[in-house]
Amino acid sequence: MKIKINISSDILTKPIMAEAILETGVLLNISQAHFDRSHGEVVADVEKDKFELMCKALMDRGAKVTKLDTPIRWDENECVECSACISVCPTKVFALADDFSLEVDETKCIQCATCVDMCPHNALSLENNK
Amino acid sequence: MVKKTIHEINSRIRDGSVSVVTAEEMVHIVGELGAEGAAKEVDVVTTGTFGAMCSSGVWLNFGHSEPPIKMQKVFLNDVEAYTGVAAVDAFIGATQISETLGMDYGGAHVIEDLIRGKSVNLHAISHGTDCYPRKVLDTTLTLEDMNQAIMMNPRNAYQKYNAATNSTKSTIHTYMGSLLPSFGNVTYSGAGVLSPLSNDPDYMTIGTGTRIFLGGTQGYITGQGTQHSSGGGFGTMMVQGDLKNMSPDYVRAANFAGYGTSLYLGMGVPIPILNEQIAQATAVTDADITTNILDYGVPSRDRPAVRQVTYAELRSGSVEIDGRDVPTSSMSSFKKSRMIASELKEWIARGDFFVSMPAERLPKDVSARPMKQTEGIALVSDIMAVSVVTIGMGASIYDAAKTIMDTDFNHLPVVDENECLVGIITAWDISKAVSQNKFDLVEDIMTRKVITSSADERVAVVARRMDQDSVSAMPVINKGRRVIGMITSDDISKLYARRS
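Residues numbered from 1 in each chain as written. Chains lettered and ligands numbered in written order. Predicted model: local features only at pLDDT ≥ 70, side-chain atom pairs only at ≥ 80, totals over all residues. Heavy atoms only, no water.

Draft legend 1. View of the sheet that holds strand E23 (residues 270-272) of chain B. Residue and element names in this part refer to chain B. With mixed pairing, the 3 strands of this open sheet are ordered in space as E1-E2-E23. Edge positions in the open sheet fall to strand E1 (20-22) and E23, since each of these has one partner strand only. Taken over all neighbouring pairs, the strand axes of this sheet differ in orientation by 25 degrees on average, direction set aside. Summarising the sheet, strand E2 (residues 44-46) and E23 pair through 3 bridges and their orientation is antiparallel. From the neighbouring strand, Val-44 faces E23, where its bridge partner is Pro-272. Docked against the sheet, helix H2 (residues 23-41) engages E1 and E2, running at close to 105 degrees with respect to E1. (Pairing = 2+ DSSP bridges. Helix = DSSP H or I, 4+ residues; strand = E, 2+ residues; numbered from the N terminus. Axes fitted to C-alpha atoms, helices over the stretch in contact; angles between N-to-C directions. Contact = heavy atoms within 4.5 Å.)

Draft legend 2. Up close: the sheet that holds strand E3 (residues 39-45) of chain A. All names here are of chain A. Judged by pairing direction, the sheet is antiparallel, and its 4 strands sit side by side in the order E2-E3-E1-E4 without closing on themselves. Every interior strand has two partners, whereas the edge strands, strand E2 (29-35) and strand E4 (64-67), have only one. Sheet twist, expressed as the average angle between the axes of neighbouring strands with direction ignored, equals 20 degrees. Where E2 lies against E3, 6 bridges are found, and the strand directions are antiparallel. Within E3, the residue paired with Gln-32 across the bridge is Val-43.

Draft legend 3. Quick peek at unusual backbone geometry. Cis rather than trans, the peptide bond between B:Glu66 and B:Pro67 has omega equal to -10 degrees. One can find B:Pro67 in the loop between strand E4 (57-61) and strand E5 (73-76).

Draft legend 4. Representation of the interface of chain A and chain B in the model. Between chain A and chain B, the contact holds 23 residues from the first and 29 residues from the second. With both sides pooled, the region where chain A packs onto chain B buries about 1,800 Å², and carbon together with sulfur makes up 52% of that total. Together, A:Ser87, A:Phe100 and A:Pro120 form the three largest contributors to the area buried by chain A at its contact with chain B, with a combined 31%. The shortest N-O distance in the salt bridge between A:Glu81 and B:Lys335 comes to 3.1 Å. Counting across the interface, chain A meets chain B through 15 residue pairs in polar contact (both at pLDDT 80 or more). Looking at the side of chain A that touches chain B residue by residue, the class counts come to 11 nonpolar, 7 polar and 5 charged. (Buried area = accessible area lost by both parts, 1.4 Å probe. Salt bridge = Lys/Arg side-chain N within 4 Å of Asp/Glu carboxyl O. Polar contact = N/O pair within 3.5 Å; in protein donor to acceptor, adjacent residues only side chain to side chain. Nonpolar A, V, L, I, M, F, W, Y, C, P; charged D, E, K, R; others polar.)

Draft legend 5. Expanded view of the pattern of salt bridges. Using the criterion set out here, one finds 20 salt bridges over all chains in the structure. Notably, a salt bridge pairs A:Arg61 with A:Glu19, separated by 2.9 Å at the nearest N-O pair. With A:Arg61 in the loop between helix H2 (51-60) and E4 and A:Glu19 in helix H1 (residues 16-24), this pair connects stretches of sequence that are 42 residues apart. For the salt bridge of B:Arg307 with B:Glu313, the shortest nitrogen-to-oxygen distance reads 2.8 Å. Three or more residues are tied together by salt bridges with common partners; here these are A:Glu19, A:Glu23 and A:Arg61.

Draft legend 6. Looking closely at the pairing of strand E22 (residues 260-268) of chain B. All names here are of chain B. Burial analysis of E22 places 9 of its 9 residues in the buried class, which makes it a mostly covered element. Sheet analysis places strand E18 (residues 211-214) next to E22, joined by 2 bridges and oriented antiparallel. From the neighbouring strand, Leu-214 faces E22, where its bridge partner is Met-267. Note that strand E21 (residues 251-256) and E22 share 6 bridges and pair antiparallel. Note on E22: the bridge partner recorded for Val-251 is Leu-265. The antiparallel pairing of E21 with E22 creates a hairpin that spans 3 residues between the two strands, and Gly-258 there sits at a positive phi of about 80 degrees. (Buried < 20%, exposed > 50% of the residue type's maximum accessible area, 1.4 Å probe, protein only.)

Draft legend 7. Fine view of the packing of aromatic side chains. Residue and element names in this part refer to chain B. Counted by the stated rule, this structure contains 14 aromatic pairs over all chains. Aromatic pair Tyr-161 and Tyr-175: ring centres 6.3 Å apart, planes at 75 degrees, arrangement edge-to-face. In this pair, Tyr-161 sits in the loop between strand E12 (148-156) and strand E13 (163-165) while Tyr-175 sits in the loop between strand E14 (172-174) and strand E15 (177-179), placing the two residues 14 residues apart along the sequence. Joined through ring pairs, the aromatic side chains of Phe-50, Tyr-158, Tyr-161, Tyr-175, Phe-234, Phe-256, Tyr-259, Tyr-264 and Tyr-296 make up one cluster. Seen from the ring of Phe-334, Arg-315 lies directly overhead, with NZ or CZ sitting 4.2 Å from the centre. (Phe/Tyr/Trp six-rings, centres within 6.5 Å; stacked < 30°, edge-to-face > 60°. Lys NZ or Arg CZ within 6 Å of the ring centre and 35° of its normal.)

Draft legend 8. Quick look at H1(A). Residues and elements named next belong to chain A. Of all the positions in H1, only Ile-16, Met-17, Ala-20 and Thr-24 are classed as buried. Each buried residue of H1 lies within a common arc of 100 degrees when the element is viewed along its axis, so the set occupies one face. Check the buried side of H1 and you find it contacts strand E1 (2-8), E2, E3 and H2. Once H1 finishes, Gly-25 follows within two positions and takes phi at roughly 75 degrees, a positive value. (Arc of directions from axis to C-beta.)

Draft legend 9. Structural detail: the nonpolar core. All names here are of chain B. Counting 50 residues, the largest nonpolar core has Met-26, Ile-273 and Ile-348 as its most contacted members. Secondary-structure elements contributing two or more residues to this core are helix H1 (6-15), E1, H2, E2, E21, helix H4 (276-281) and helix H6 (334-350). Ranked by the residues each element gives to this core, the list is headed by H2, at 7 residues. Among all residues touching Met-26, those that are not within four sequence positions of it are Val-21, Ala-38, Val-42, Val-45, Ile-273, Ala-279 and Thr-282. (Core = buried A, V, L, I, M, F, W, Y, C linked by side-chain atoms within 4.5 Å.)

Okay, here's the thing in structure tokens:
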């Protein structure tokens, strides 16, 4: 499952993710990371049944953890099912079914937002990631 | 030999006995029965396409105000419409963008909003005349309030279109969508097997006066589209239809990031099967239609073709470029194209839509010409400064400052011991270093990622790069990275000042 880890400026320089991984033995697969002077924000994948464990380890170190239930929002009313999104997505979130309907597997999304830029109909947007 | 007339087909539509299939279904019927058998069996084949058609717009007649105005400039929701005709007529074009919202909202959005029943703000100005005294007008109108709203599109429904890719090292944003670096993806447009003009490439039944499906209602082909280039298989058509009867299912505003707005439009042409030649033509498949993948990374009218490809390959999800599988995206919707072909089929089967013979067929074997340009195309080598002062990377900041003062050059290319470009330093870089009390070497404060150009590039292309990278000067280098000149925004300004 996808989670977002928010790190405040006072603990930005501490290796809290490395510590949490070492302490719990739970693997984090980082897909997006952004750091500036004010804060840090990391999007990562963690196994569902290990989430609680990892979440606690990170929170103990001062991070804020949010579940990304809908990493990419697909507005089916705006979508014309052209498939523009398919070729730019690095993780194959989008596919066309046999009847050329668009299928969206949001669990694969790493929130890179390339598809958001690509979509001619503004039918794709990122959730929880403002 | 099968020989049918439009009249016979229309009487079958009237009495409900007509046999109508989509162009996809026709492929199998011709496959089974052969062209002659299929021509006996089938009366009408329906086609459909739904994609971005930038060359679209609507003629609006607003009715006269009291006191009346002869509109000189008119804006709908801040998007300018063209009104260089009679007093209260204007043409709202799909790609015109909002004065305030820019690329987020354009003529296409105004058109969609009108179809959806939303009201739009009209603002018009005029110089005022004895017969039209009013100078400014502001009101709010819906589609219902207009006398006419006639969609009239100069160029729609390309027979086929080039596919797009990008050889450069950065993502580019085009009307074919985002094209990822190093041939990262391929985008294409067109309905292939369902494409109206590809199903009658000799225009045996298509031309001025052909009744069609347009935006969810009946419309007409009014003639060849602009840039109609039937010789190369790039035919287009000019169409019109009543916006008041159109549906947002088939008329949708779009934004292409970095390009602007466009209109996605649904269109379908019925092809009456008058003989076996026409039946054979409608059996065309995705595998029969070839196009070129062009490199949109080359900012030229003559984009080089990377390879030839069929619509079947494009629709498979990936194509091979240089031994690598590159993912493809359709920018038009095949699902919607199918819906259009099916809906048109239903209209005909129900007796709501009759086929027509054109008053004149679309012209064959013509080609669109590139623009005649009377001004020479300026190259970097025409306007660059050739006496360039460079500085070595090991020089001191004091040396650099002195060189700038002595020579009056604001930008100094920095070179290594082989005279190859390794950086650039400006008067501003020096001021910054001095203000921080840093008196190091040039190589410590120079900008290492230098934006450069080559002598054979066109000035218009280089000017855009300067703008995008926010620099005011670029070293001109040769293949060995030796500095052979310098081009500045001043040089470019002077070039255009001289011309006007």
